[in-house]
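Coordinates in review
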Amino acid sequence: MNSSDASPAAPVRASWAIAAALAIVYLVWGSTYLGIRFALEGGFPPLLMVSGARFVFAGGVLFAFLRWRGVAAPTRAQWKNLLVMGALLLLLGNGMVVLAEQTVSSGLAAVAVASMPLWMGLFGAMRGQHPTGGEWLGIIVGFAGVVWLNAGSSLTASPTGLVLLLIAPIAWAYGSIWSRGRDLPTPFMAAAGQMAAAGVMLMAAGLLHGERFASADWTLHGALAVAYLAVFGSIIAFTAYVWLLHHARPVLVGSYAYVNPVIAVALGAWLAGERFTAHDYGAMAVILAGVVVITLARNRRAG
C-alpha cells in the first residue's frame, strides 16, 4: 500500500482519537466535582491531600511507568515550562476549585468553571489563534446556558468562594494557551511532570495554609473519593487533556467546561440527592447546543 492509499484513513483515526479523548475529559472531569465534595466531607484536607497528595501520586506513577517504557525524562528547560504549567493549571486552576468547594456547592463550582472557554478564546486571540464566527457563536450559546443554569437557583456561595472560582478558570485557560508552542516533552510525560511538580507545590501550600496529614475524621467514603480523583481525574483524564492541547483547537478543547456542569448536576441528583428541575434540563440542553455549534464550526474550518 502506498502513502496515497493510506492517507485518507489518517484523518479518520485522528478524529476518533480526539473524540475519545474529549469523551474522557467530558465524563470524568464532570464527575470530579462531586468527588471533591465527597473527599472534603470525608475529612481530607483540601490542598494537602484532595489536590496535592493525589497529584504527587498520579504524577509519580505515570512518570515511573513512562520511564520504564523508555520515554525520555524532561530536560531542565522543559522542567521550567512544566513548573509554570503546573502552577497555572493545577495549583491555581484545580487548587482554587477545591478550596472553593469548602463553602460552595459542587454544582456552582462546575458552572463557574464553565467560563473557562471564554478566557481560552480571549487568550488564544491575543496569540493570533482567532476563533471563527461559528466558534464564537458556540461560546456565547454555551455560556448563555451556563448563566441560565445558575439563574434563580438555590446555589449559594461565600464571597471568598466566588473569588476563588473566578481565579481558577482564568489561570487554567491562560496556562493552556501559554503551553502551546513551548519546549515540552511528549504529551504523557508532560502530564506526569506537571502533576508531580504541581502536587509538591499544592502540598507545600497546604502546609503553609495550616493543613496536616494526621486526622481521626477520615472516612472510607472520602478515601475512595481521593483514590478516584487520583486515578481517573488525574492520571486518565488529565493525560487526555494534555494530549488534546497538542492535537485540537483551543476552543474545542475548552468545550468540556460546558459539559461538566451537566455531568456534575446529574451525578449530584443521582448520588447526593440534589434536586434537578425542568429549568436545569433546559439550561443544560442549551449548554450542549453550544458544544455542538463549536464542534461543527471546527469541522467546517478543518474541511
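So, here is what we can say about the structure in this document. (Residues numbered from 1 in each chain as written. Predicted model: local features only at pLDDT ≥ 70, side-chain atom pairs only at ≥ 80, totals over all residues. Heavy atoms only, no water.)

1. Some thoughts on the overall build of the chain
Our working rule: Going along the chain from the N terminus, every DSSP run of H or I of four or more residues is numbered as a helix, and every run of E of two or more is numbered as a strand. Exposure classes here rest on a 1.4 Å probe applied to the protein chains alone. A residue is buried below 20% of its type maximum, exposed above 50%, and partly exposed in between. Here, two residues are considered to be in contact whenever any of their heavy atoms come within 4.5 Å of each other.
Scanning the chain from N- to C-terminus turns up 13 helices and zero strands. Element order for the chain, N to C, with α for helix and β for strand: α-α-α-α-α-α-α-α-α-α-α-α-α. Residues classed as buried in the chain amount to 50% of the 303 residues present. Within the chain, counting contacts between residues at least 6 apart in sequence, those at least 24 apart form 93% of the total.

2. What to know about helix H8 (residues 159–178)
Put simply, the rule is: Helix span, as expected, comes to 1.5 Å for every residue beyond the first.
Over its 20 residues, H8 extends 29 Å from the first C-alpha to the last, a length consistent with the 28 Å expected when each residue adds 1.5 Å. The set of residues buried in H8 consists of Gly161, Leu164, Leu165, Ala168, Pro169, Ala171, Trp172, Ala173, Gly175, Ser176, Ile177 and Trp178.

3. A closer look at the layout of surface pockets
Which entries qualify depends on this criterion: Throughout, the protein atoms alone are placed on a 1 Å grid, and a set of points is a cavity if a 1.4 Å probe fits but cannot get out or a pocket if it is open with protein on both sides within 12 Å along at least five of seven lines; lining residues have an atom within 4 Å of a point. Grid points are joined across faces, edges and corners, and a volume is the space filled by probe spheres set on the points. Asp, Glu, Lys and Arg are counted as charged, while Ala, Val, Leu, Ile, Met, Phe, Trp, Tyr, Cys and Pro are counted as nonpolar; the rest, among them Gly, fall into the polar class.
Counted as a void, the second largest pocket has a volume near 220 Å³. In this structure, the second largest pocket is lined by 12 residues; those nearest its centre are Val111, Ala112, Ser115, Phe143 and Leu165. Along the lines of polarity and charge, the residues of the lining of the second largest pocket split into 10 nonpolar, two polar and no charged.

4. Section: the packing of helix H9 (residues 187–208) against helix H10 (residues 220–247)
To be explicit about the condition: To get an axis, fit a line to the C-alpha atoms, keeping to the stretch in contact for a helix; angles then go from 0 to 180 degrees between the N-to-C directions. In what follows, roughly perpendicular refers to angles from 65 to 115 degrees, roughly parallel to angles under 35, roughly antiparallel to angles over 145, and oblique to any angle outside these ranges. When the near helix sits turned anticlockwise from the far one by under a right angle, the crossing is termed left-handed; a clockwise turn instead gives a right-handed crossing.
Interaxial distance between H9 and H10 falls to 8 Å at its minimum, and their mutual angle equals 125°. Taken as axis vectors, H9 and H10 run oblique relative to one another. Once H9 is placed against H10, the crossing between them reads as right-handed. Contacts between H9 and H10 involve Pro187, Phe188, Ala190, Ala191, Gln194 and Met195 from the former and Ser234, Ile235, Phe238, Thr239, Val242, Trp243 and His246 from the latter. Tallied by class, residues from the contact of H9 with H10 come to nine nonpolar, four polar and no charged.

5. Here we look at the packing of aromatic side chains
Spelled out, the test is: Pairing of aromatic rings covers Phe, Tyr and Trp, the last counted by its six-membered ring, and requires centre-to-centre distances within 6.5 Å; plane angles under 30 degrees mean stacked, over 60 mean edge-to-face, and any other angle means tilted. For a ring to carry a charge above it, either NZ of a lysine or CZ of an arginine must fall within 6 Å of the ring centroid while also lying within 35 degrees of the normal to the ring plane.
In total, this model carries 14 aromatic pairs according to the counting rule given. Look at Phe65 and Trp68: their rings are 6.0 Å apart centre to centre, the planes differ by 40°, and that puts the pair in the tilted class. Of this pair, Phe65 and Trp68 both sit in helix H3 (residues 46–68), separated by three residues, roughly a single helical turn. Residue classification places Trp68 among the exposed residues on the basis of a relative accessible area of 67%. Seen in terms of ring centroids, Trp172 and Tyr241 are 5.3 Å apart; in terms of plane orientation they differ by 50°. Their pairing is tilted. In this pair, Trp172 is assigned in helix H8 and Tyr241 in helix H10, connecting sequence segments 69 residues apart. For the pair formed by Trp172 and Tyr241, the shared burial category is buried. Three or more aromatic residues joined by ring pairs form one cluster here, namely Trp29, Trp172, Phe238, Tyr241 and Tyr256. Positioned above the aromatic ring of Phe55 is the side chain of Arg54, whose terminal nitrogen or guanidinium carbon lies 4.4 Å from the ring centre.

6. As for empty space enclosed by the protein
Under the definition given, this model contains two cavities of 30 Å³ or more. Taken as a whole, the largest cavity encloses approximately 260 Å³ of empty space. Considering the residues around the largest cavity, the lining is formed by 17 residues, among which Trp29, Thr32, Tyr33, Asn94 and Trp172 are closest to the centre. Broken down by secondary-structure element, the contributors of at least two residues to the lining of the largest cavity are helix H2 (9–41), H3, helix H4 (76–100), H8 and helix H12 (256–271). A class-by-class count of the residues in the lining of the largest cavity yields 11 nonpolar, five polar and one charged. Estimated volume of the second largest cavity: approximately 40 Å³. Lining the second largest cavity are Met120, Gly121, Gly124, Gln129, Pro131, Arg249, Pro250 and Val251. Those elements that provide at least two residues to the lining of the second largest cavity are helix H6 (116–126) and helix H11 (250–254).

7. Considerations on helix H5 (residues 106–113)
Of all eight residues in H5, seven are buried; the element is thus mostly enclosed. Taken together, the buried positions of H5 are occupied by Ser106, Gly107, Leu108, Ala109, Ala110, Val111 and Val113.

8. Here we look at a nonpolar patch on the surface
Short version of the rule: Residues enter patches when their relative accessible area tops 30% and they take part in no salt bridge; the joining distance is 9 Å for like charges and 5 Å for the nonpolar side chains Val, Leu, Ile, Met, Phe, Trp and Tyr. Per-residue and other accessible areas were derived by the Shrake-Rupley procedure at a 1.4 Å probe size, with only the shown protein chains allowed to occlude residues. We define a salt bridge as a contact between a side-chain nitrogen of Lys or Arg and a carboxyl oxygen of Asp or Glu at a distance within 4 Å.
Side chains of Ile24, Phe57, Val61, Val231, Phe232 and Ile236 sit close together on the surface and give an oily, nonpolar patch of about 460 Å² of accessible area. Those elements that place two or more of their residues in the nonpolar patch are H3 and H10. When residues in the nonpolar patch are grouped by element, the largest group, three residues, is from H10. Take Val61: it is sitting in helix H3. For Val61, a relative accessible area of 39% puts it in the partly exposed group.

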